[in-house]
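Spelled out from the first residue to the last, the chains are:
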Amino acid sequence: MRSGGKGGQNVNKVESGVRMVHVPTGISVRCTQERSQSLNKSLALKMIKERLVVVMQEQRAKEVAEIRGDLVDASWGQQIRNYVLHPYKMVKASDLEK
């Protein structure tokens, strides 16, 4: 795969571009920024790692959201109130159940 950009004849005769595919996830990256293939390879590997980190963070956030469930907004009037009546009798107001 040929690189693009400046470089004159070098761009036309040297194939230094790199395309990498992460097989388990199917993420593909193409790097043609540098003149040397080894630099392009290291840049492509770095880009794949960055994308994998993003995918893992999204999966982790989704797992945490499943565990937490629906979050209840703790704004005014949403709290559970406790009342203590005279002969020590505890009463909970359950206004949240509708």
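Look up: the structure comes first, before these words.
Residues numbered from 1 in each chain as written. Predicted model: local features only at pLDDT ≥ 70, side-chain atom pairs only at ≥ 80, totals over all residues. Heavy atoms only, no water.

**Observations concerning the environment of Thr25**
1) Next: Inspection of the secondary structure assignment puts Thr25 in the loop between strand 1 (18–22) and strand 2 (27–31).
2) Next: Taking the relative accessible area as the measure of exposure, Thr25 reaches 42% and is therefore partly exposed.
3) Next: Distance from Thr25 to Val55, taken between C-alpha atoms, is 9.3 Å for residues 30 residues apart in sequence.
4) Next: Side chain to side chain, Thr25 and His22 meet in a polar contact 2.7 Å long. (Helix = DSSP H or I, 4+ residues; strand = E, 2+ residues; numbered from the N terminus. Buried < 20%, exposed > 50% of the residue type's maximum accessible area, 1.4 Å probe, protein only. Polar contact = N/O pair within 3.5 Å; in protein donor to acceptor, adjacent residues only side chain to side chain.)

**Some words on the nonpolar core**
1) Next: Counting residues in hydrophobic clusters, the biggest one holds 7 residues: Val18, Met20, Ile27, Val29, Cys31, Ala44 and Ile48.
2) Next: In terms of residue count, the dominant contributor to this core is strand 2 (3 residues).
3) Next: Beyond its immediate sequence surroundings of up to four residues, Ile48 is in contact with Met20, Val21, His22 and Val29. (Core = buried A, V, L, I, M, F, W, Y, C linked by side-chain atoms within 4.5 Å. Contact = heavy atoms within 4.5 Å.)

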